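Listed here are the chains, written in short residue letters.
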Amino acid sequence: GGLYENLASAGYLAWLYPTNLTRLQQLATAVATAAAIENTWYVPNPGDLLDADVNADLGFCYDLMYDWMSDSQRAVTRSLISRMTTGRHAIGWDQADYTDSTNWRVHHDHLLIAQLAIEGETGYDAVALATNAASLKTFTTRWGVSPDGFSREGTDYYSFGMRNGALAALALARRGENLFVTSHLYSGQQEAFYM
């Protein structure tokens, strides 16, 4: 994986086993240092409909290492996440709602994951997050998943998209609406299981 993916994996293990404070602070420093360096050259690309320049793993790093970061480390990491996510929307957000029907819609919910990492903090874009969450709900209630749990595109494409869509739905469920209850998302999991 990429740098942030590896740091997020290390952060997850550190979060599970927080026994060595020195190591935790070193990992927090590594995350903040990487974010500070990227902040010097990163240019947001809002024209990229796939949001390829947005890094959900950086959001995971921030979430997992938050308790061991200093205020300045949090600020620099949050600043990069904010630059990546402010004003950014999932593919099809400004189109007719039937465009929220393919795996491309949910595959790019790494954007939601990154946006949620800084929720309520400086640089957080509540409007973009609300728009993206509504688009995910449209996918899981109207166009992407049927009431019986069948996906519009079949199991392979659906599972490809839900790599990020399911994590975004889980993060949203912990913060507000639980799409596993209020949409066809749970039926989609059951359909795949029974298949």
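Preceding block: the structure.
Computed from a predicted structure; not experimentally measured. (Residues numbered from 1 in each chain as written. Predicted model: local features only at pLDDT ≥ 70, side-chain atom pairs only at ≥ 80, totals over all residues. Heavy atoms only, no water.)

S.K.: Quick question: what am I supposed to make of the nonpolar core here?
M.R.: Most often, soluble globular proteins keep nonpolar side chains buried together rather than apart. By size, the foremost hydrophobic cluster in this structure holds 25 residues, and its most contacted members are Tyr-4, Val-31, Leu-58, Met-65 and Leu-80. Within the residue set of this core, elements represented by two or more residues are helix 1 (3-16), helix 2 (21-41), helix 3 (56-65), helix 4 (71-85) and helix 6 (110-117). By residue number, the principal contributor to this core is helix 2, which donates six residues. Residues Leu-112, Met-162, Ala-171 and Leu-185 belong to the second largest nonpolar core, which totals 18 residues. (Core = buried A, V, L, I, M, F, W, Y, C linked by side-chain atoms within 4.5 Å. Buried < 20%, exposed > 50% of the residue type's maximum accessible area, 1.4 Å probe, protein only. Helix = DSSP H or I, 4+ residues; strand = E, 2+ residues; numbered from the N terminus.)

S.K.: What is the right way to read the environment of Thr-77 from this model?
M.R.: Relative to the helices and strands, Thr-77 is located in helix 4. Sequence spacing of Thr-77 and Met-162 is 85 residues, and the spatial spacing of their C-alpha atoms is 26 Å. When residues no more than four places from it in sequence are discounted, the contact partners of Thr-77 are Val-31, Ala-32, Ala-35, Leu-58, Tyr-62 and Met-69. (Contact = heavy atoms within 4.5 Å.)

S.K.: Looking at this structure, I do not really get the packing of aromatic side chains. What am I missing?
M.R.: The geometry of an aromatic ring pair is captured by the separation of the ring centres together with the interplanar angle, meaning the angle of the planes. Scanning the model with the defined rule gives four aromatic pairs in all. For the pair Tyr-62 and Tyr-66, a centre-to-centre distance of 5.5 Å together with 85 degrees between the ring planes defines the contact as edge-to-face. With a relative accessible area of 1%, Tyr-62 lands in the buried category. Arg-74 extends its terminal NZ or CZ atom over the ring of Tyr-66, reaching a point 4.1 Å from the ring centre. (Phe/Tyr/Trp six-rings, centres within 6.5 Å; stacked < 30°, edge-to-face > 60°. Lys NZ or Arg CZ within 6 Å of the ring centre and 35° of its normal.)

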